[in-house]
Every structure is written in structure tokens, then in C-alpha cells.
Amino acid sequence: MILTVNGETYDARADETVRDLVATRTGRDLGPDGRPSDGGRLGIAVALDRAVLPRGRWATTLLAEGQQIDIVTAVQGG
Amino acid sequence: MTTTALAADTPLVIDGVTLGSRLVMGTGGATSLATLEKALVASGTELTTVAMRRHSAQGADSVFAILERQGIRALPNTAGCYTARDAVLTAELAREALETHWIKLEVIADEDTLLPDPVELFTATEELVARGFVVLAYTNDDPALARRLEDAGVAAVMPAGAPIGTGLGILNPHNIELIVTRAGVPVILDAGIGTASEAALAMELGCDAVLLASAVTRARDAVGMAQAMRLAVQAGRGARLAGRIPRRTLALASSPTQGMVTGSREEESL
């Protein structure tokens, strides 16, 4: 299943959710609410086809063919 | 004992949040996160801008981690957006990622000047205010546009002193003063500051706060400049509250003329 993640081609597993993807990318274990299991804040947002996907829906949103996923965070900026 | 105006000053409040410093720092331009963190601490800032970009595998530290560690409030920006549509998406992403509904709205016209596009800026302001954002609008030093943005519901107007990153200071102090005089929301001088005297001038003109990044992060000694800016903003605020003397075209002696031991001109003429 081929989709685009942060502008690059990504081959997702059949049962892979947005939560799985974000957890892998950030190296953090995430609960069903999309928040880090170890407490603290993640500082990440996800856009699915250029619309924000709230973290509460990451665990129940399956990756699908042709989707455009953007995972964004805060970086240095004026 | 009397209390000075500066000591009795009330803090800056935006959207009901009290900020203990009138210096807002940006994080752009720092050569290392370690230096950035030291500069942020030295500046005394309690509000710091960040940009929103695609996540990439990075080291253990991050700008977000620094702000969390230092307890500094994040002010996400929409830097790099040319259209209201892109700015709104970026603001929504920032709200989700950083869990703040504050946004420094920046909609630029072209990459050479990085000056705000007034039409897209205004459109984005209306849309973001309708979506419940607290909008701090980076704008031109245009008193008319500042009023329109205030009417549209911004929480603060942030006029540019000069184009971003130029260090040219405040190109039109008269316009900045006009904006301040007519504003009902906080005015934060944003962009163009190159050195401490310019930050002090912004405050002397009546701005409620100063936002700067490059002046500190690109200085030879970023931490030293951060401290200088902290003092400059305080000094400028103190001078504003104390009231500068009016400008005169001719001299006014500060020493008495009576009691001089040399003869006066009147005596000489007798």
C-alpha cells in the first residue's frame, strides 16, 4: 500500500494506523489518545490530505492507498 | 521612599495571559540549540516564536523540548506562507501540535522583502479569528492597516520596524508611534531590530513589547546580545513611562546664569 509521508513515498502495512506511523517516526510509545505513554507532550500534528487529523483519531485511522500524510513539529523560526 | 514608574509598571497581558517580560524572542538563526537555549534564558523572555515544519529524525534535543524544559510559552508562526489558505492550515497544525490557540500570523508577499501581503493577511486574520485563534498579526508599519486588523479582532498588532533579518532598525518611527497612539490592543515591534538601542527606541515610541530573533541569534555573542536586549527593552520602557523631554530647536542651558564670577554680556555692553 503506497502513500506519501512528508513528501516521500511510503509503503505501509495493511493494518498500520496513523498512530503506528507517528510512534515509529518519533520513537515514542503513544496511547490510544495519541499522547505519549510516558507523559509529557509530543509536539506533533498530523495532516491527512491537507487537513488536520486530531491526535485522538490517530489510533483509529488506518493508512490507505494514495493518502498524503504530513507530520509536523516546531522548528527554529522567527 | 518613592516608587519609580518602571517599578510600578503593570505587566503585558495578552488574551488574559500575563507575560513577565516585554521581550519576545524568536528562535530562528541560531547556530546550535545549546546556544539558543542559553540566549533564551539570558533574554528573560516568556514567549518565543517557532515555525512549523515537517518532522525529521533529529537528535535528542529539539526546540519544542527546550521550551518545555524552560517553561517558555510557544508562539507558533506561519512563516513561509504566501496565502491565507496556507496560513490557516499552518495555524491549525500549530494549534494541534503545540496545544495553543495563539498564532503569530505572517503572510508574506515575496521572498526578497518578506514584507506582509496586506490583502492575504487581512483575509487570514478574519478566518483565524472566526476559528477561535488568538491572532498576533505581523503587519506593515501602516497605521491604517493596523486599525483594520484590530477591527478584525487581532489580540496584538506587530508592525515591522524594517524587513525581517535586515537589522535596519525602525525605518519609520513616526508610523510606529501613530500605530501605538491609535491602538486599543498591544503593539509589538516585530522585525528589523539590529541592536539594543533600536529595541529601546521601540519601547520609547510606546510599543508594548519587542520581538526579535536575528539580532540575538546572529550576533557574534548571542547570549551577550540577549542580555543586552533584555536591558534595552527595560530601559526603553522606563524612559517611555518617565516621559522624555520635548525636542527643541535651540539650546536651553541647564546651569544657572546667575552668580557667575565672570562678567555678563550685559555688563560688558555698559
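Remember, it's a predicted structure, so these values are computed and weren't measured experimentally. (Residues numbered from 1 in each chain as written. Chains lettered and ligands numbered in written order. Predicted model: local features only at pLDDT ≥ 70, side-chain atom pairs only at ≥ 80, totals over all residues.)

Assigned secondary structure in chain A consists of one helix and five strands. Going residue by residue from the N terminus, the α and β elements of chain A occur as β-β-α-β-β-β. Its C-alpha atoms give chain A a radius of gyration of 12 Å, near enough to 12 Å, the size a compact globule of 78 residues would have. Counting only C-alpha atoms and orienting by the principal axes, one finds that chain A spans roughly 30 × 30 × 20 Å. (Helix = DSSP H or I, 4+ residues; strand = E, 2+ residues; numbered from the N terminus. Rg over C-alpha atoms; globule rule 2.2 N^0.38 Å.)

Taken together, the 27 residues of chain B in the interface contact 21 residues of chain A. Those elements that provide at least two residues to the side of chain B that touches chain A are strand 4 (47–54), helix 2 (63–70), strand 5 (73–76) and helix 3 (84–98) of chain B. Of the residues contributing to the side of chain B that touches chain A, the split by class is 15 nonpolar, six polar and six charged. Bridge count between strand 5 (residues 68–76) of chain A and strand 4 of chain B: five bridges; the pairing is antiparallel. Residue pairing in the sheet places Gln76 of chain A in a bridge with Val50 of chain B of strand 4 of chain B. (Contact = placed C-beta atoms within 7 Å. Nonpolar A, V, L, I, M, F, W, Y, C, P; charged D, E, K, R; others polar. Pairing = 2+ DSSP bridges.)

Across a sheet, strands are paired by hydrogen bonds formed along the backbone, either parallel or antiparallel in direction. All names here are of chain B. Strand order in this open sheet of three strands is 6-7-8, and the pairing throughout is parallel. Lying at the two open borders of the sheet, with one neighbouring strand each, are strand 6 (102–105) and strand 8 (156–159). Ignoring which end each strand starts from, the neighbouring axes of this sheet average 15 degrees apart. Inspection of the sheet shows strand 6 paired to strand 7 (residues 134–139) by four bridges, in the parallel sense. (Axes fitted to C-alpha atoms, helices over the stretch in contact; angles between N-to-C directions.)

Take the environment of Pro186 of chain B next. Residue and element names in this part refer to chain B. Examined against the element boundaries, Pro186 turns out to sit in the loop between helix 6 (173–182) and strand 9 (188–190). C-alpha separation for the pair Pro186 and Ile14, spaced 172 residues apart in sequence, amounts to 7.5 Å. For Pro186, the residues in contact, after removing those within four places along its chain, are Leu12, Ile14, Ala156, Asp208 and Ala209.

When the UniProt feature table is mapped onto this chain numbering, "binding site: 1-deoxy-D-xylulose 5-phosphate" (unreviewed entry) sits at Gly165, Ala191, Gly192, Ala213 and Ser214 of chain B. These residues run over 50 residues, yet every pair of their C-alpha atoms falls within 9.4 Å of each other. Looking at where Gly165 of chain B falls in the secondary structure, it is placed in the loop between strand 8 and helix 6. Classification of Gly165 of chain B as partly exposed rests on a count of 17 C-beta atoms within 10 Å. By the element assignment, Ala213 of chain B lies in the loop between strand 10 (209–212) and helix 8 (214–217). The buried category is assigned to Ala213 of chain B, around which 26 C-beta atoms lie within 10 Å. Every residue in contact with Ala213 of chain B, bar those within four places of it in the chain, is listed here: Gly78 of chain A together with Met25, Gly26, Thr27, Gly28 and Gly29 of chain B. (UniProt positions renumbered as here; feature names shortened; annotations may be inferred. Buried ≥ 20, exposed ≤ 12 C-beta atoms within 10 Å, placed from the backbone.)

Take the pairing of strand 8 of chain B next. Strand residues, when the strand is regular, have side chains that alternate between the two faces of the sheet. All names here are of chain B. With burial as the criterion, each face of strand 8 is covered, one bearing Ala156 and Met158 and the other bearing Val157 and Pro159. Note: strand 7 against strand 8, four bridges, orientation parallel. Its bridge partner being in strand 8, Thr139 is matched across the sheet by Pro159.

Residues and elements named next belong to chain B. Close contact between helix 1 (residues 33–43) and helix 9 (residues 222–242) brings their axes to 7 Å; oriented N to C, the two are set at 20 degrees. Here helix 9 runs roughly parallel to helix 1, going by the angle between their axes. Crossing handedness for the pair helix 1 and helix 9: right-handed. Contact residues: helix 1 offers Thr35, Lys38, Ala39, Ala42 and Ser43, while helix 9 offers Ala222, Val223, Ala226, Gln227, Met229 and Arg230. Looking at side-chain class alone, the contact of helix 1 with helix 9 contains six nonpolar, three polar and two charged residues. (Parallel < 35°, antiparallel > 145°, perpendicular 65-115°, else oblique. Left-handed = near helix turned anticlockwise from the far one by under 90°.)

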